[in-house]
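Fold and geometry: a report
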Amino acid sequence: MRGGERRGPGGAQGKGALEELPEQPHEQPHGWAERDGTGLRRSTESEVYDDGTNTFFWRAHTLTVLFILTCALGYVTLLEETPQDTAYNTKRGIVASILVFLCFGVTQAKDGPFSRPHPAYWRFWLCVSVVYELFLIFILFQTVQDGRQFMKYIDPQLGVPLPERDYGGNCLIYDPGNETDPFHNIWDKLDGFVPAHFFGWYLKTLMIRDWWMCMIISVMFEFLEYSLEHQLPNFSECWWDHWIMDVILCNGLGIYCGMKTLSWLSLKTYKWQGLWNIPTYKGKMKRIVFQFTPYSWVKFEWKPASSLRRWLAVCGIIFVFLLAELNTFYLKFVLWMPPEHYLVLLRLVFFVNVGGVAMREIYDFMDDPKFHKKLGQQAWLVATITATEFLIVVKYDPHTLTLSLPFYITQCWILGIILVLTWTAWRFFIRDITLRYKEIRRQKQEHRYEKDKCLSNGDGHSSILDEQTGNKLRERKI
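Values in this document were obtained by computation on a predicted structure and should not be read as measured data.

1. Re the overall build of the protein
Looking only at helices and strands, the protein has 16 helices and 4 strands in total. For the protein, the residues scored as buried account for 33% of the 478 residues in total. Put simply, 70% of the contacts in the protein that link residues at least 6 apart link residues at least 24 apart. Carbon and sulfur atoms form 66% of the exposed surface of the protein, whose accessible area is close to 30500 Å².

Put into structure tokens, the structure is as follows:
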């Protein structure tokens, strides 16, 4: 049975067996609701109706993959002549090793939280994560020169220092000196990175599923660009490029469209039927399209101010997000990859596919650690990859990273860190101590009031105390 399917409560026991067993009351965890006797689901999770159809598309094909893989290796071994080219054979051997590992992982790896369009799709990206992490570890253990020259084996055009470019330039929105096109500065910024920013933040919103967190990450990254423009020249942008084109237009519009999509997904009815159980062709086509939508939906409620654990977790998520964003630019810089190179695009596609799974696993681990006792495998790999990328940047160009921040930027960051630490101490320590003190003081005042009321009766005790004493005596007699 696939996870999340709604089935009737019967199981393998018959009616007589059910009548012999008394119904045991069970306590539901906080934030979870009953799912028609089949188990527990979160109150933020949509209810799923599934007829349980298990077609050829959903069955495991381990023997089929094993047979095809063995035939392919046998063909290469017995029928194909091995070229006398060491470099070519080395590349082909590495690619073949990766493909065999991917075949094993797609058929044998553990399923993640997503099942659409197919669990094998997400197992594939899990294995790609392992391969990418191993590649990063290999690059990390090379010398700076060897690591940069190794990129030539992937693309001969790499391994060459990048030319210096001016990214700031003239920041006038209206340039009166250019009579032909006074708005040329704006048109120069409208390149392929504008739709990339929009779709990037649209997909990030679908991963994070929270408007406030998305806006904080968006604004924080612009502050990081301001702070680090003395290290990387492509961080130097015009003020209107930072706040109008990036934050408001590209990022803001992407976040808005993402939130609208989240609203639709949370209201959507998740009722699944087998393709051959649908009578009309229109219904079959609709079912094929919906195969690429989520199987079910969980609304993320991060609640960072509810506890210190969740607050630290949310801060950690924001930190890793920002670090992964910075790694995109610093890796290009230290490994000498131009921004338009296909490896840069492949890395972004990779993070789009693994980021959603990682965020869901992190949320499950935060939301209820009793059911999810350890961090998910994809979330673990994403965190490891982000840390390894940063270590490569540190090793390959420590001089750039150690360039001191301007004094006014340092002051701003120190002030921001102090404000965050002060709020954290007040919210989770000082405020709790104050509330606890007020509660104790209120209880003491109530106790004093009851004592004074008892003394005012003249007999030294109240009718409430008499009633409580009488109840205790009756309980002892019984």
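Now that the structure has been shown, we can carry on.
2. Description of the nonpolar core
The biggest cluster of nonpolar side chains holds 52 residues, and the ones touching the most others in it are Ile-208, Phe-235, Trp-302 and Phe-350. For this core, the secondary-structure elements that each account for two or more residues are helix H4 (119-140), helix H7 (193-208), helix H8 (211-228), helix H11 (308-334), helix H12 (342-367) and helix H13 (377-396). In terms of residue count, H11 provides more of this core than any other element does, 10 residues in total. Discounting chain neighbours no more than four positions away, the residues touching Phe-235 are Phe-221, Glu-225, Leu-228, Glu-229, His-242, Leu-326, Phe-329 and Tyr-330.

3. Considering the side chain of Arg-123
Along the polypeptide, Arg-123 turns up in helix H4. A polar contact is formed between the side chain of Arg-123 and the backbone oxygen of Val-106, at a distance of 2.5 Å. Not counting residues within four places of it along the chain, the set of residues in contact with Arg-123 comprises Gly-105, Val-106, Thr-107, Ala-109, Lys-110 and Asp-111.

4. A look at unusual backbone geometry
Note the cis peptide between Arg-116 and Pro-117, where omega equals 0°. Unusually for a residue other than glycine, Arg-209 sits at a positive phi of about 60°. Mapped onto the elements of the fold, Arg-209 is located in the loop between H7 and H8. Arg-209 sits in the buried class, given a relative accessible area of 11%. Phi is positive for Trp-336, close to 60°, though the residue is something other than glycine. Within the element layout of this structure, Trp-336 appears in the loop between H11 and H12. Given the relative accessible area of 16%, Trp-336 is considered buried.

5. A look at the packing of H12 against H13
Angle between the axes and distance between the axes are the two parameters that describe a pair of packed helices. At their nearest, the axes of H12 and H13 sit 7 Å apart, and the two run at 130° to each other. Between H12 and H13, the crossing angle belongs to the class labelled oblique. Like other packed secondary-structure pairs, H12 and H13 cross with a definite hand, here left-handed. Where H12 approaches H13, its residues Arg-347, Phe-350, Phe-351, Val-354, Val-357, Ala-358, Glu-361 and Ile-362 are matched on the opposing element by Gln-377, Gln-378, Ala-379, Val-382, Ile-385, Thr-386 and Glu-389. Here the contact of H12 with H13 is built from residues that sort into 9 nonpolar, 3 polar and 3 charged.

Thresholds, definitions, all that
- Residues numbered from 1 in each chain as written.
- Predicted model: local features only at pLDDT ≥ 70, side-chain atom pairs only at ≥ 80, totals over all residues.
- Heavy atoms only, no water.
- Helix = DSSP H or I, 4+ residues; strand = E, 2+ residues; numbered from the N terminus.
- Buried < 20%, exposed > 50% of the residue type's maximum accessible area, 1.4 Å probe, protein only.
- Contact = heavy atoms within 4.5 Å.
- Areas by Shrake-Rupley, 256 points an atom, 1.4 Å probe, with all protein chains shown as cover.
- Core = buried A, V, L, I, M, F, W, Y, C linked by side-chain atoms within 4.5 Å.
- Polar contact = N/O pair within 3.5 Å; in protein donor to acceptor, adjacent residues only side chain to side chain.
- Axes fitted to C-alpha atoms, helices over the stretch in contact; angles between N-to-C directions.
- Parallel < 35°, antiparallel > 145°, perpendicular 65-115°, else oblique.
- Left-handed = near helix turned anticlockwise from the far one by under 90°.
- Nonpolar A, V, L, I, M, F, W, Y, C, P; charged D, E, K, R; others polar.

These figures capture arrangement, not role.
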